[in-house]
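One-letter residues, chain by chain:
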Amino acid sequence: MFDVVVIGSGPAGYVAAIRASQLGLKTLCIEESIQKNGDVSLGGTCLNIGCIPSKSLLDSSHRYYEAIKNLPNHGINIQDIGLDLETMMKRKDNIVKKLTGGISSLFAQNKVEHIVGRGKIISHNKVEVTKPDKSIENIETKNIIIATGSSPIEIPSAKFGKNIVDSTGALSFKEVPKSLGIIGAGIIGLELGSVWSRLGSKVTIIEALDDFLPMTDKDIAKESFKEFKKQGLDIKLGSKLISAKDLKGSVKIIYNNEKDIDMEFDKLIVAVGRAPNTKNIFKDDIGISMSNNFIEVNEFCQTNIPNIWAIGDVVRGPMLAHKGSEEGIMVAERIANNYAKVNYSLVPSVIYSHPEVAWVGLNESELEEKGIQFKIGKFPFAASGRALAIDQSVGFVKILSEAKSDTILGVHVFGPSAGEIVQQALISMEFGASSEDLGMTMFSHPTVSEALHEAALSVNNEAIHIGNRTK
């Protein structure tokens, strides 16, 4: 009898399993994915075919792009620059192997047992595991945590095939497509588009929505759209895919933007979002409440069955690895009868383009919709000495604070190290900081983080290195 059985070993599942075991709970983690050699493949989508490999390729492709386009500006001239895509892909694979192997070590160090197979809840206290050899083992447990993650959405107008791929396939191209189409201008579409555009593809992104990055602050969306277009991403907003035909060596599509338009690409990536992996993970008569294929949970990720919990991409909220990990810790703590909660109002988001886009808290439109009076502080990286020195002066930092209390309500960044800058802001927001608090904090000079400091000063018309504005 286990105290906790976790189904899934992604960032939500493996973190939950480790923390549960650290708290003295006998813990088992079930994972169905296996490697080519038959060993278990821990880490879920993020480590294997998502966050980590994509960021590896984003970094490699950026270095290649810099070598070709920007190094001459620094007086560095390199002759006969070439691209070895195979080596680039091997580097990515080695990073994935190192990190997934690290989870196995963490499980061993923390005394977490794990088993290869597909887990299915057959009663409130029993999980059936179907192993790769089709044998079945029933495991009894006091608590169950569902952490089965999500998968790319396939749309009827563009079924996956040889040349029509999902985000996983887009990380494994054997050669750089001369022309590349992407359906969806969200985070995944932009990141993958950036990778292959830098490596030489002519990239066209088809987006059904009229607004670009509607989840971001409107100023960030406007400026980043202009920059991505400048970088060569042809982003067609208000364009709905009608059909995609996978041919022998290309893909022909038809999309509508006031009229039907034909295009042809070497490859087509479908990046329209992800769906929760909740099919056949429990018997129907278990009685777990569902909503649109998501598992319904309370604020502590507890289902309507008290000893069954669900975390990560299978529940409400953004499908982000760090959100799932924090939910895993919270659930493990609560199973151990400790107090824990997740602050869902402060979940940071990052788009790892170049420049990066990152944000936390509320944006300007959301504050207006809620009727909250607020002040604005902005600081452009063009006025940052460090940003100019490293040739990354595009973008700005924007801080939104409550009008009377000056409490920081949202921080939005487009520019160098945006994800790191937002993390600094997030720490202050967790402690209820005001923009004045940030403005009174000493920042190292010269750093790009000084832009956060100046934006905070700007909220109250105290910026030193740029003109001030308030709302």
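Keep in mind the model is a prediction, meaning the values are calculated, not measured.

**Student:** Is there a simple way to think about the sheet that holds strand S20 (residues 349–351) in this case?
**Tutor:** Backbone-to-backbone hydrogen bonds pair the strands of a sheet. The strands run either parallel or antiparallel. Pairing in this open sheet of five strands is antiparallel, and the strands run S20-S21-S24-S23-S22 from one edge to the other. Across the chains shown, the open sheet's two edge strands, defined by having one partner strand only, are S20 and strand S22 (374–380). Mean inter-strand twist for the sheet, computed between neighbouring axes without regard to direction, equals 10°. Contacting strand S21 (356–361), S22, strand S23 (396–402) and strand S24 (408–415), helix H6 (residues 218–230) crosses the sheet at an angle of about 10° to S24.

**Student:** Teacher, can you tell me more about the side chain of Ser384 here?
**Tutor:** Assignment of secondary structure puts Ser384 in the loop between S22 and helix H9 (385–389). At a separation of 3.1 Å, a polar atom in the side chain of Ser384 contacts the main-chain amide nitrogen of Ala387. Excluding residues within four positions of it along the chain, Ser384 makes contact with Phe379, Thr447 and Val448.

**Student:** Looking at this structure, I do not really get the sheet that holds strand S9 (residues 179–183). What am I missing?
**Tutor:** A sheet is described by the order of its strands in space; here five strands give the open sequence S8-S15-S9-S10-S11, paired in parallel fashion. Pairing within the sheet leaves two strands with one partner each, and these edge strands are strand S8 (164–165) and strand S11 (234–236). Where S9 meets strand S15 (residues 267–270), four bridges bridge the pair, whose relative direction is parallel. Considered in S15, the bridge of Ile182 is made with Ile269. The sheet strands contacting helix H5 (residues 187–198) are S9, strand S10 (202–206), S11 and S15, and the helix crosses S10 at an angle near 165°.

**Student:** What's the story with the nonpolar core in this structure? I'm lost.
**Tutor:** The nonpolar side chains of soluble globular proteins are, as a tendency, buried together. Leu190, Trp196, Ile205, Ile235 and Ile269 are the most contacted members of the largest nonpolar core, which totals 34 residues. Elements supplying a minimum of two residues to this core: helix H3 (51–70), helix H4 (85–109), S9, H5, S10, H6 and S21. Excluding residues that lie within four positions of it along the chain, Ile269 makes contacts with Val165, Asp166, Ala170, Phe173, Leu180, Gly181, Ile182, Ile183 and Leu192. The next biggest cluster of nonpolar side chains, apart from the first, holds 31 residues, and it includes Val15, Ala17, Phe300 and Trp309.

So, how was this worked out
- Residues numbered from 1 in each chain as written.
- Predicted model: local features only at pLDDT ≥ 70, side-chain atom pairs only at ≥ 80, totals over all residues.
- Heavy atoms only, no water.
- Pairing = 2+ DSSP bridges.
- Helix = DSSP H or I, 4+ residues; strand = E, 2+ residues; numbered from the N terminus.
- Axes fitted to C-alpha atoms, helices over the stretch in contact; angles between N-to-C directions.
- Contact = heavy atoms within 4.5 Å.
- Polar contact = N/O pair within 3.5 Å; in protein donor to acceptor, adjacent residues only side chain to side chain.
- Core = buried A, V, L, I, M, F, W, Y, C linked by side-chain atoms within 4.5 Å.
- Buried < 20%, exposed > 50% of the residue type's maximum accessible area, 1.4 Å probe, protein only.

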